[in-house]
Amino acid sequence: MKIRGSIASRLIFSTLIGAGCVLLVIVGYGFVHARSTLKQEMISRVVGLSVETSFKVGRIPLVVETVGRDLAVGLSLSDLSEDDVYSILEGTLKVHPEVSGVCLAFSSKLEDGRLRRWAPFAYRDDGGIHRKNLGGDGYDREIWDWYQLPKELGRPVWTEPYFGAGGSERLLISYCIPLYDPDGSFMASLACDVSLDWLTDTMTGLRSFDDGHAFLITSAGTVVSHPDRDLIMNETIFSIADAEGDDRLWDIGDSMRKGEDGLAEMVDFTTGEPSWIAYRPVGDMGWSIGIIFPRRALVEPLHDLSKSQLLLGLVGLALLFMVSSVIARSITGPIKSLSAATKLTASGDLESSLPSVPGDDEVAQLARAFASMREDLLAYVEELQETTAAREKMESELNIAHSIQLSLVPRTFPPFPDMEEFDLYALLDPAKEVGGDFYDFFMVDPGHILITVGDVSGKGVPAALFMAVTRTFIRAFAKEGLGPGAILSRLNDEISVDNESCMFVTVFCAVIDLESGNFLYASGGHNPPFLMGDGTVGFLPKVKGPLVGPMAGMAFQEGKAKIKAGETLFLYTDGLTEAMDGYGRLLGEEKSILWLEEMDGKSSKEMVLAVRDRIGSFVGGAEQSDDITLLAFRFRGLIDREN
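Residues numbered from 1 in each chain as written. Predicted model: local features only at pLDDT ≥ 70, side-chain atom pairs only at ≥ 80, totals over all residues. Heavy atoms only, no water.

(A) Local environment of the overall build of the chain. Each helix and strand counted, the chain has 15 helices and 22 strands in total. With 643 residues in all, the chain has 47% of them scored as buried. In the chain, the proportion of contacts linking residues at least 24 apart, taken out of those at least 6 apart, comes to 62%. When the accessible surface of the chain is summed, it comes to about 31200 Å², and 54% of that surface belongs to carbon and sulfur atoms. (Helix = DSSP H or I, 4+ residues; strand = E, 2+ residues; numbered from the N terminus. Buried < 20%, exposed > 50% of the residue type's maximum accessible area, 1.4 Å probe, protein only. Contact = heavy atoms within 4.5 Å. Areas by Shrake-Rupley, 256 points an atom, 1.4 Å probe, with all protein chains shown as cover.)

(B) The arrangement of the packing of helix 11 (residues 460-478) against helix 12 (residues 484-495) in detail. Between helix 11 and helix 12, the shortest axis-to-axis distance is 10 Å and the interhelical angle comes to 135°. Between helix 11 and helix 12, the angle is such that the two are oblique. Helix 12 is crossed by helix 11, and the crossing has right-handed handedness. Across from Phe466, Val469, Thr470, Phe473, Ile474, Phe477 and Ala478 in helix 11, the residues of helix 12 making contact are Ile487, Arg490, Leu491, Glu494 and Ile495. Class assignment for the residues of the contact of helix 11 with helix 12 results in 9 nonpolar, 1 polar and 2 charged. (Axes fitted to C-alpha atoms, helices over the stretch in contact; angles between N-to-C directions. Parallel < 35°, antiparallel > 145°, perpendicular 65-115°, else oblique. Left-handed = near helix turned anticlockwise from the far one by under 90°. Nonpolar A, V, L, I, M, F, W, Y, C, P; charged D, E, K, R; others polar.)

(C) Looking closely at helix 15 (residues 604-619). Taking 1.5 Å of rise per residue, 16 residues should cover 22 Å, and helix 15 covers 23 Å from first to last C-alpha, within 8% of that figure. Residues Ser604, Met607, Val608, Ala610, Val611, Arg612, Ile615 and Val619 constitute the buried set of helix 15. (Expected span 1.5 Å × (residues − 1).)

(D) Summary view of the packing of helix 6 (residues 237-244) against helix 7 (residues 247-257). One can describe the packing of helix 6 onto helix 7 by two numbers: an axis separation of 8 Å at closest approach and a directional angle of 170°. The orientation of helix 6 with respect to helix 7, classified from their angle, is roughly antiparallel. Counting all contacts with helix 6, which are made through Ile237, Phe238, Ile240, Ala241 and Asp242, the residues of helix 7 involved are Leu249, Trp250, Gly253, Asp254, Met256 and Arg257. Its residues placed into classes, the contact of helix 6 with helix 7 shows 7 nonpolar, 1 polar and 3 charged.

(E) Representation of the sheet that holds strand 11 (residues 274-282). Strand order in the open sheet formed by 5 strands is 9-8-12-11-10, and the pairing between neighbours is antiparallel. Every interior strand has two partners, whereas the edge strands, strand 9 (223-225) and strand 10 (262-267), have only one. Across the sheet, the mean angle from the axis of one strand to that of its neighbour is 35°, orientation sign disregarded. Of the strand pairs in this sheet, strand 11 and strand 12 (residues 287-294) are connected by 8 bridges, and their pairing is antiparallel. Bridged to Tyr279 within strand 12 is Gly290. (Pairing = 2+ DSSP bridges.)

(F) Focus on the sheet that holds strand 22 (residues 628-635). The antiparallel open sheet is built from 5 strands, whose spatial order is 13-22-21-18-19. Every interior strand has two partners, whereas the edge strands, strand 13 (422-429) and strand 19 (536-539), have only one. Pairs of neighbouring strands in the sheet enclose a mean axial angle of 15°, with direction left out of account. As defined by bridge partners, strand 18 (residues 530-533) adjoins strand 19 across 4 bridges and the pair is classed as antiparallel. In the sheet register, Gly533 faces strand 19, and the bridge partner there is Thr536. Sitting on the sheet, helix 14 (residues 588-598) touches strand 18, strand 19 and strand 21 (568-572), and the angle it makes with strand 19 is about 140°.

(G) Quick peek at the nonpolar core. The biggest cluster of nonpolar side chains holds 51 residues, and the ones touching the most others in it are Ile451, Leu491, Ile512, Phe519, Leu569, Leu631 and Phe633. Every residue in contact with Phe633, bar those within four places of it in the chain, is listed here: Phe422, Asp423, Leu424, Ile449, Ile451, Ile512, Leu514, Ile563, Glu567, Thr568, Leu569 and Ser604. (Core = buried A, V, L, I, M, F, W, Y, C linked by side-chain atoms within 4.5 Å.)

(H) Representation of the pairing of strand 2 (residues 120-125). Both strand 1 (residues 101-106) and strand 2 contribute to a ladder of 3 bridges, which runs antiparallel. Residue pairing across strands places Gly101 opposite Tyr123, the latter belonging to strand 2. Pairing analysis gives 6 bridges linking strand 2 to strand 3 (residues 128-133), with the strands arranged antiparallel. Following the sheet pairing, Asp125 is matched in strand 3 by Gly128. Hairpin connection, strand 2 to strand 3: the antiparallel pair is bridged by 2 residues, and Asp126 has positive phi, about 55°.

(I) Molecular detail of the packing of aromatic side chains. Tallied over the entire structure, the rule returns 20 aromatic pairs. Considering the side-chain rings of Phe106 and Trp118, the 5.8 Å spacing of their centres and the 15° angle between planes classify their relative orientation as stacked. In this pair, Phe106 is assigned in strand 1 and Trp118 in the loop between helix 3 (113-116) and strand 2, connecting sequence segments 12 residues apart. The pair Phe106 / Trp118 is uniform in exposure class, with both members buried. With a centroid separation of 6.4 Å and an interplanar angle of 10°, the aromatic rings of Tyr439 and Phe441 are classed as stacked. According to the relative accessible area criterion, Phe441 is buried, its value standing at 3%. (Phe/Tyr/Trp six-rings, centres within 6.5 Å; stacked < 30°, edge-to-face > 60°.)

(J) The arrangement of the side chain of Ser457 in detail. Mapping Ser457 onto the fold places it in the loop between strand 15 (448-456) and helix 11. Aside from chain neighbours lying at most four places away, what touches Ser457 is Ala463, Met503 and Phe504.

(K) Structural detail: the pattern of salt bridges. Taken as a whole and assessed by the stated rule, the structure comprises 10 salt bridges. In this structure, Lys258 engages Asp254 in a salt bridge whose closest nitrogen and oxygen atoms are separated by 3.1 Å. Judged by its relative accessible area of 52%, Lys258 falls in the exposed class. When the shortest N-O distance is used, the salt bridge between Glu480 and Arg490 registers 3.1 Å. Placement of Glu480 in the loop between helix 11 and helix 12 and of Arg490 in helix 12 is noted, with a sequence separation of 10 residues between them. Judged by its relative accessible area of 15%, Arg490 is buried. If you follow the salt bridges from partner to partner, you end up with Asp83, Glu90 and Arg131 in one network. (Salt bridge = Lys/Arg side-chain N within 4 Å of Asp/Glu carboxyl O.)

(L) View of the environment of Phe477. Residue position: Phe477 is located in helix 11. With relative accessibility at 2%, the residue Phe477 sits in the buried group.

(M) Layout of unusual backbone geometry. That bond from Phe413 to Pro414 is cis: its omega, 0°, falls within 30 degrees of zero. Its location among the elements puts Pro414 in the loop between helix 10 (390-407) and strand 13. Positive phi outside glycine occurs at Asp498, with the angle close to 55°. Tracing the backbone shows Asp498 in the loop between helix 12 and strand 16 (505-513). Looking at Asp498, the relative accessible area reads 54%, which means it is exposed.

(N) Representation of a nonpolar patch on the surface within the structure. Residues Leu311, Val315, Leu319, Phe321 and Met322 make up a contiguous nonpolar surface patch of about 490 Å² in total accessible area. You can see Val315 is positioned in helix 8 (residues 295-346). Of the residues examined, Val315 reaches a relative accessible area of 45% and is grouped as partly exposed. (Patch = residues over 30% accessible without salt bridge, like charges linked within 9 Å, V, L, I, M, F, W, Y side chains within 5 Å.)

Nothing here speaks to function; it is all geometry.
Here's what the structure looks like:
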């Protein structure tokens, strides 16, 4: 998108658009990150709840095994009386409130007839602890899992939920262990009952989240704990999934049955609300706990957070707009004043006042150079009025312009004595007193350098002024952080304004990373530079780009390349390849390449001066037909300054 208007308005709106994009990225990242954090929090909660549930239920085996050891030791050492056995069982209930009943059922194959018919059972009922013998008539313990499973498997085991009988008619699960006599023969089964009512109340008490609920299923998928008590032992998670036609719930139930853990989206089968479910196995029981919480509990805080961030961002953009306006006007104000003064000077008004630009930046340098040029022109005009020699007048004017032109390009070498990463040297040799060629280089930031070479159409003072404005704009746009392609595009748009004479300039511009050697470059109708290394010389790959200045709104392709340590980037204007001898023969690119191949390994200064000398030898006594500008950048690579 192209923003039209003045430099100030474009700078302001470009800053706001960039800041707005950054704001949207920050808000989006914050939303995603917060959502991930909330998910992890929910997972942590279900892990904590399952651990607490496992701890509560996991105490049951310890209780049963302790009671079993006490009874086994007592029975092996002496004959325990009925009261002794009942006391041990009742003491277990008093110490462990989570246990609803304890039963010791002796094997029907024991020789002792009293023990064969004896199954002491202590249980809770009506707020008290009661005792009962389940070995009498009417109760066949042989058919119950709590007796048969430990006997047949020979190890402790949890039963599936069942309705108790013989004194505890509630919904129960039992942890059972087998007891053996000193000979290793099965003697009895010790069962410890846990009421699912107690388990459901325990789950509710452990609830640690808002707008959600927990439930437990067995390894077969049977619901054994849920806030809706009608579901307990009446439904499985698979029957609920079938009734709701919810394949997703079926897959979740299958994953829970297999003892897996996870986090998934679902529709709550009790409320019909879009929700999340986090599930995890509980201990080694083969059961699984699931926690369901509505999606709105996760999304609503995120929306509130995003609204707050957007509001703060809009306030920040408003403040940024005001600050950008002040900064943009402080930068572009002197340029506008100087542009107006330049137009007046170009029209012949040498007496108009010039803007005062404080500081030592490029705009201030241009203003002082322009003021110096105009003062010199005024002095020359006054001198012209006192003389009649038109030739002396012209020579004086051209000499002044020549001095101004050369004062605008860097002439101190090495330009950055402390920068050992590269070796740079450049030369500008106008064909006339004043030409249109220029070169420039400067550090964009501590790790990047910009190098550029240009050739303005025409000769004389207009070309010199056009060159000065072009160089100033390049420096100003580079400090905005633009790449080479964007710099040439902005430059083209600016100098095309009020360009009634249709002047243009060819420009090559590159920004080099001094750490890696990677660089971006763009060309506005300029000769492609040479890249030298290992005794070979080749052209940089060409990029598309029109002449700079004739028409606004043009795009300039940006290329990428890499200069290795020891390689040299050689920039030039057509004064090299189009140098002409006395017979009208052009020097050309092939001879230029041969010369450069012979100079492999030379320093930048030696290379530039040697090429200039060979151009002079080739031309001989013929008049120089065009400006000659040469710039060599030799890359040495990243320097370890500490060592």
